Amino acid sequence: MAPTPAKYVLLSLPLSTFDTGDKQEALDSVKATITSENGNVLPFPVPNFKIGTLDALVQQADDLVKLNTACEGIVSKVGDSLRTLYEGNEDKASQQKMVNDKPTDQYLGSFTWNKVRYRADRPVGEMIDILQKELATIDNDVKSKFNQYNQVKTNLGTLQRKQTGNLATKSLTPIVNPSLLVQDSEYLETHLVAVPSNLKKDYLKSYETIAPMVVPRSSIQVAQDDEFILFAVTTFKKHGAEFQQKCREARWTPRQYKYVEGGREEEQKELDRVTREEKKVWGEALRLTRTGWSESVMILAHVMALRVFVESVLRYGLPLEFVSALVLTNTKLAKNVKSKLDSAYSYLGGNAFGRDKRGRITKDDAALTSEMAAAGLGHAGEGNEYTAYVYYEFEL
């Protein structure tokens, strides 16, 4: 039975929610609310960035949603590329999903903002631009190398089919003895025809009369496999094209072949060369795709941190006093995590949520949700559903 896919929940809550206002005690309280049965709660530290105007923050919230979607798309594409390189073997592909030389879960669970690469004293808008450019570079690099690998792999597959296919498709260079061919004649030429085994009798009865000026009794069986028999037939050159067309109509396959001295050795050399090239480019694609995974997940984590910051400022206001956490869970337990958080913190939404007679939260009003979205607060929940606190779910 396949394991349940991992899911990540990223959230922030105002410190005023908790008795002491201490971040560690607030984190402990969140752990107690979610419980270890539903997920592992870890700190997700977010720096205090430069804050611009309210209008700028609302615009940045929108920009970060789009960038977040782009990040997830590229992380997904890079993951697909790794699976393709390992021919669908998920276990082998997963072993390559390292971020900064750590397993992905471990990197996210120990996330710290990279202050060397993204100075926290830069404006948020500037950091969004930097992250967008880095993401585009990763996408282009991985795509370019993977296209190169696919081309080489296609070329190798074509050469291999020439070696291993049936007589209707494979290379005839190692099969046909040049002494069977009429060469250097002004009037005559030899045609090679692959005939399905079940049509052999029809072929032998009719090949002499299927087109004008076929040399009688000139058919020679050259080779045979499980599906086809290869015959050599001599005709006059001026009727050669008509003979080939009639062969096709009879479901016999004319094969294009011209004897070249040393052709067999050249074909083998080309196969060996492309085989070596495929191995080389596969290794290059693997290294670049591993780097692409590491870089794209790192960018996604930093984008998520910016989203938490911007959304927290828009929701909770100043001073900047909030605690952020990452919950490592799975797709089955994510609903339990959300339900427990709603039960404990839904009151933060004020009138945004109705309650039933027992005080349980009910679905928010659609019109109010629209107003929240217009105010830049509508991006926090799954499917853009408004939540009472900053809340994101994502999978990798």
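For every chain, the first residue of the written sequence is number 1, and numbering continues from 1 along that sequence. This being a predicted model, a pLDDT of at least 70 is required before a residue's local features are given, and a value of 80 or more before pairs of side-chain atoms are given or counted; all residues contribute to the totals for chains, interfaces and linings. The side-chain numbers reported here are obtained from all heavy atoms of the structure, hydrogens and water having been left aside.

Engineer: Please set out a negative patch on the surface residue by residue, giving values where relevant.
Structural biologist: To count toward a patch, a residue needs a relative accessible area above 30% and no salt bridge. Like charges then connect within 9 Å, nonpolar side chains (Val, Leu, Ile, Met, Phe, Trp, Tyr) within 5 Å. Only the protein chains shown count as cover for residues, with accessible areas throughout obtained via the Shrake-Rupley method and a probe of 1.4 Å. Salt bridge, as used here, is a side-chain nitrogen of Lys or Arg placed within 4 Å of a carboxyl oxygen of Asp or Glu. Note that His is not counted, nor are the chain ends; the positive residues are Lys and Arg, and the negative ones are Asp and Glu. Lysine's charge is taken at NZ, arginine's at CZ, aspartate's at CG and glutamate's at CD. Taken together, D19, D22, E25 and D28 make up a surface patch of like negative charges. Put simply, DSSP H or I for four residues or longer makes a helix, DSSP E for two residues or longer makes a strand, and each gets a number counted from the N terminus. By the secondary structure assignment, D22 is in the loop between β1 (6-14) and α1 (23-34).

Engineer: Talk me through the packing of α1 against helix α9 (residues 334-345); I want residue IDs and the actual numbers.
Structural biologist: Only C-alpha atoms enter the line fits that serve as axes; for helices the fit covers just the stretch in contact. Angles between N-to-C directions range over 0 to 180 degrees. Contact geometry for α1 and α9: axes closest at 9 Å, N-to-C directions at 120 degrees. With respect to their mutual orientation, α1 and α9 come out oblique. Considering only the axes of α1 and α9, their crossing is right-handed. Residues S29, V30, T33 and I34 of α1 touch α9, and the partners they reach there are V337, K340, L341, A344 and Y345. Grouping the constituent residues of the contact of α1 with α9 by class yields 6 nonpolar, 2 polar and 1 charged. Angular relationships are summarised with four words: roughly parallel below 35 degrees, roughly antiparallel beyond 145, roughly perpendicular across 65 to 115, and oblique for the angles in between. In this scheme, a crossing is called left-handed if the near helix is turned counterclockwise away from the far one by less than a right angle; it is called right-handed if the turn is clockwise. Pairs of residues are marked as contacts when any of their non-hydrogen atoms sit within 4.5 Å. Three categories are distinguished: nonpolar for Ala, Val, Leu, Ile, Met, Phe, Trp, Tyr, Cys and Pro, charged for Asp, Glu, Lys and Arg, and polar for the others, with Gly belonging to the last.

Engineer: I'd like a rundown of the packing of helix α2 (residues 54-85) against helix α5 (residues 124-164), residues and numbers included.
Structural biologist: Packed helices, taken two at a time, are described by their axes: the angle between them and the distance between them. In the contact formed by α2 and α5, the axes pass within 11 Å of each other and the chain directions differ by 20 degrees. Regarding the angle of α2 to α5, the classification is roughly parallel. α5 is crossed by α2, and the crossing has left-handed handedness. Contacts from Q60, D63, L64, L67, A70, C71, I74, K77, S81, T84 and L85 of α2 reach α5 at V124, G125, I128, L131, Q132, L135, D139, V142, K143, F146 and Y149. Counted by class, the contact of α2 with α5 contains 13 nonpolar, 5 polar and 4 charged residues.

Engineer: Explain the nonpolar core to me, using residue names and the numbers behind them.
Structural biologist: Here the nonpolar core consists of buried residues drawn from Ala, Val, Leu, Ile, Met, Phe, Trp, Tyr and Cys, with membership extended through side-chain atoms lying within 4.5 Å. For every residue, the accessible area (1.4 Å probe, protein chains only) is compared with the maximum for its type, and the residue is labelled buried under 20%, exposed over 50%, or partly exposed between those bounds. Membership of the largest hydrophobic core comes to 50 residues, with the highest contact counts inside it found for F49 and L306. Contributions of two or more residues to this core are made by β1, α2, α4 (104-109), α5, α8 (263-316), β9 (322-330) and β10 (390-394). When residues of this core are assigned to their parent elements, the largest contribution, 15 residues, is made by α8. In this structure, F49 is in contact with W113, A120, V124, M127, L306 and F309, ignoring residues within four places of it in sequence. Residues V9, A26, Y389 and Y391 belong to the second largest nonpolar core, which totals 19 residues.

Engineer: Give me the lowdown on the sheet that holds β10, citing residues and values where you can.
Structural biologist: Whether parallel or antiparallel, the strands of a sheet pair through hydrogen bonds between backbone atoms. Here the rule is simple: two strands pair whenever DSSP picks up at least two bridges between them. If you walk across this open sheet you meet the 4 strands as β2-β9-β1-β10, and the pairing is antiparallel. Sheet topology places β2 (40-43) and β10 at the edges, where each strand pairs with a single neighbour. Neighbour-to-neighbour, the strand axes of the sheet open up by a mean angle of 20 degrees, direction not taken into account.

Engineer: Describe in detail the pairing of β9, supporting the description with residues and values.
Structural biologist: Of all 9 residues making up β9, 9 are buried, and the element is well covered by its neighbours. With burial as the criterion, each face of β9 is covered, one bearing F322, S324, L326, L328 and N330 and the other bearing V323, A325, V327 and T329. Relative to β9, β1 runs antiparallel, the two being bridged by 9 bridges. Note on β9: the bridge partner recorded for L10 is L326. Relative to β9, β2 runs antiparallel, the two sharing 4 bridges. From the neighbouring strand, V41 faces β9, where its bridge partner is V327.

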